[in-house]
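If you want the building blocks of each chain, they are given just below.
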Amino acid sequence: MALAAAVGAMALPGMTISSASAAGAHSHNVISKVEQKSLTIAGLTSSGELTVGCPTNYYAIDGGFVLDSVDTGGEVSDVNVRLSAPTTGFSGWRVDVVNDNPVPAQGKVQVTCVSKTTAKAGPDGHVHTMSIPVQQTSTFSSASVWGHSDPEGTFTTNCPANTIATGPVFEFHQGSATLNRLSLDGAKLTMSMLANEASKTFTGAVCVDPALAPDQYLVFENLVVQDTLTVPENRFADMTLTCPDGGTAASIEFSTEPGVLYVGNDHRINARAPRYYNDTDDTDVVKDFGVLCIGARTGTSPTPLTFAVSPTVTKASSGKYIIASVECSSGCKIKARLKGNQTVGNAGPGRFYKGTTIAYGKGKTTAGGTATVRLVVKSRFRDTVKNNAFSAVLHVTVAGETITQTVNVP
């Protein structure tokens, strides 16, 4: 891959945060299960509601409906999820699907469940009790009404500090819409929906709490594995993304292209397979998406963990990638995002604005090492990145803490 010349100096302030020390730290596995049931929704505006429960002593951290097929004469765009939310006490997941077609549609309801205790570890075979999720009451956090004049509604849920947002959660009290974008950033979950009519919805997230006890806690090592997918015209397509090192697949994030419909994601213990349908007769559309993976270890004596970004960033001459280096005082998993700091590009899907996520990526360091983080530029922005110089903001997250710095991309 040919790289352009280095961007000018980009000195980010260092960050010091708490982490489990090497002394007394030990690994535990998060025990997870996926439960599912098939659901057929009859046509003519029929509603199909179904609940899938978790096993005893498990919590539901994510769930939803994935569409498998629509009978001949029906449209994929006329099948919409009206409710996707955990049940009381997070013991399962409930969905309600509306089918406005004159013919039936088929799919399945799935839930990802994690055990209330970790796996056994060490010669004594001990376990820890996990206090997740943290919200034991309603997860609904916001409401809005929008219609055809403003078809995309965007909602942000901020979980409590030091937790991880999974989900998403939503319930329509008027109309319906299609989930169009979903992004995860530590304790924050942001979703956007395309309304089919004037609609009102409540949205939220499941907030995962890693605390065990005052002197024992879990350090959730969360990262997003990313890839792209080509969706043929008038076809379904999906791709499996697998978490590294046996991590649990906790949620996904994605951003659809015009004409591409997100129709759910197939849950697996260590992987996810987001599914899309290309509702156009145009050429194939490339889709960017990622899966949130969580793993855990414990510690009793927090020690300082520092990290900073080195003073150079480069970009691929093709515009497909942007490269950054991150230094960390310990073995760190890193999540990075590059967001626009100005309006760049011609009118159309390739233009981005201040605050738009342009690229994202991940990396991992050894103790006291440096990681090269390759940020994948979203497909619709690659020509714009290639052909323009612009100002952007780099966000680097390690162990749930983020530092940012404005950079110039030549």
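The structure this text deals with has already been given above.
Residues numbered from 1 in each chain as written. Predicted model: local features only at pLDDT ≥ 70, side-chain atom pairs only at ≥ 80, totals over all residues. Heavy atoms only, no water.

Draft legend 1. Quick peek at the overall build of the protein. Along the backbone of the protein there are one helix and 31 strands. When the 410 residues of the protein are sorted by exposure, 54% land in the buried category. A separation threshold of at least 6 residues defines the contact pool for the protein, and within that pool the share at least 24 residues apart is 73%. Total accessible area on the protein is roughly 16800 Å²; 48% of this is exposed by carbon and sulfur atoms. (Helix = DSSP H or I, 4+ residues; strand = E, 2+ residues; numbered from the N terminus. Buried < 20%, exposed > 50% of the residue type's maximum accessible area, 1.4 Å probe, protein only. Contact = heavy atoms within 4.5 Å. Areas by Shrake-Rupley, 256 points an atom, 1.4 Å probe, with all protein chains shown as cover.)

Draft legend 2. Looking closely at the state of the cysteines. In total, this model carries two disulfides according to the counting rule given. Disulfide pairing is shown between C54 and C113; the S-S distance is 2.1 Å. Its S-S torsion of approximately -85 degrees makes the covalent link between C54 and C113 left-handed. Pair noted here: C54 is in the loop between β4 (46-53) and β5 (58-70) and C113 is in strand β8 (residues 105-115), with a separation of 59 residues, a long-range link. Under the relative-accessibility criterion, C113 is labelled buried at 0%. Each sulfur in the disulfide pair C159 and C207 lies 2.1 Å from the other. (Disulfide = S-S within 2.5 Å.)

Draft legend 3. Spotlight on the side chain of R272. Tracing the backbone shows R272 in strand β22 (residues 271-278). Here R272 falls in the buried class, since its relative accessible area comes to 1%. Among the polar contacts made by the side chain of R272, one reaches the side chain of D62 at a distance of 2.8 Å. (Polar contact = N/O pair within 3.5 Å; in protein donor to acceptor, adjacent residues only side chain to side chain.)

Draft legend 4. Unusual backbone geometry, seen in detail. Following G167, the chain continues to P168 via a peptide bond in cis, the omega torsion being 0 degrees. Within the fold, P168 resides in strand β11 (residues 164-174).

Draft legend 5. Molecular detail of the packing of aromatic side chains. Counting across every chain of the model gives eight aromatic pairs. Seen in terms of ring centroids, F170 and F172 are 6.1 Å apart; in terms of plane orientation they differ by 75 degrees. Their pairing is edge-to-face. Per residue, the accessibility class of F170 equals that of F172, and both read buried. Here a set of aromatic residues connected by ring pairs shows up, and it is made of F254, Y262, Y276 and F289. (Phe/Tyr/Trp six-rings, centres within 6.5 Å; stacked < 30°, edge-to-face > 60°.)

Draft legend 6. Focus on the sheet that holds strand β3 (residues 32-41). If you walk across this open sheet you meet the three strands as β3-β8-β5, and the pairing is antiparallel. In the strand order of this sheet, the two ends are held by β3 and β5, each with one partner. Neighbour-to-neighbour, the strand axes of the sheet open up by a mean angle of 20 degrees, direction not taken into account. Where β3 lies against β8, 10 bridges are found, and the strand directions are antiparallel. Of the residues in β8, the one forming a bridge with S38 is K108. (Pairing = 2+ DSSP bridges. Axes fitted to C-alpha atoms, helices over the stretch in contact; angles between N-to-C directions.)

Draft legend 7. Structural detail: the environment of N408. Turning to its location among the elements, N408 is positioned in strand β31 (residues 401-409). The spatial distance from the C-alpha of N408 to the C-alpha of V313 is 9.1 Å, given a sequence separation of 95 residues.

Draft legend 8. The arrangement of the pattern of salt bridges in detail. Applying the stated rule across the entire model yields eight salt bridges. For the salt bridge of K108 with D68, the shortest nitrogen-to-oxygen distance reads 3.0 Å. Highlighted residues: K108 in strand β8 and D68 in strand β5, separated in sequence by 40 residues. (Salt bridge = Lys/Arg side-chain N within 4 Å of Asp/Glu carboxyl O.)

Draft legend 9. Spotlight on the pairing of strand β20 (residues 248-255). For β20, the buried fraction is high: eight of the eight residues fall into the buried class. Looking at chain direction, strand β12 (residues 177-185) and β20 are connected through two bridges and run antiparallel. Following the sheet pairing, L182 is matched in β20 by F254. Pairing between β20 and strand β23 (residues 285-294): seven bridges, direction antiparallel. Counterpart to S251 in the pairing with β23 is L292.

Draft legend 10. Expanded view of empty space enclosed by the protein. Per the counting criterion, the structure on display carries three cavities of 30 Å³ or more. The space that makes up the largest cavity amounts to roughly 400 Å³. Taken together, 28 residues line the largest cavity, and the ones lying closest to its centre are F65, V81, Y262, V263 and G264. Where the lining of the largest cavity is concerned, the elements lending two or more residues are β5, β6 (79-86), β11, β12, β20 and β21 (260-267). It is β21 that provides the largest number of residues to the lining of the largest cavity, a total of six residues. Looking at the lining of the largest cavity, its residues break down into 15 nonpolar, 12 polar and one charged. (1 Å grid on protein atoms, 1.4 Å probe; cavity = no way out; pocket = protein on both sides within 12 Å on 5 of 7 lines; lining within 4 Å. Points joined across faces, edges and corners; volume = space filled by probe spheres on them. Nonpolar A, V, L, I, M, F, W, Y, C, P; charged D, E, K, R; others polar.)

Draft legend 11. The arrangement of the side chain of S32 in detail. Take S32: it is sitting in strand β3. A polar atom in the side chain of S32 sits 3.4 Å from the side chain of T248. Once residues within four sequence positions are removed from consideration, S32 is found in contact with Y58, C113, V114, T248 and I269.

Draft legend 12. View of the nonpolar core. If you look at the biggest cluster of nonpolar residues, it comprises 68 residues, and the most contacted ones within it are F65, L67, V97, M191, F254 and Y276. It is β5 that contributes the most residues to this core, seven residues altogether. In this structure, L67 is in contact with V76, V79, A105, Q106, G107, F236, V263 and R275, ignoring residues within four places of it in sequence. Of all hydrophobic cores here, the second largest spans 26 residues; its members include V313, A359, F381 and A392. (Core = buried A, V, L, I, M, F, W, Y, C linked by side-chain atoms within 4.5 Å.)

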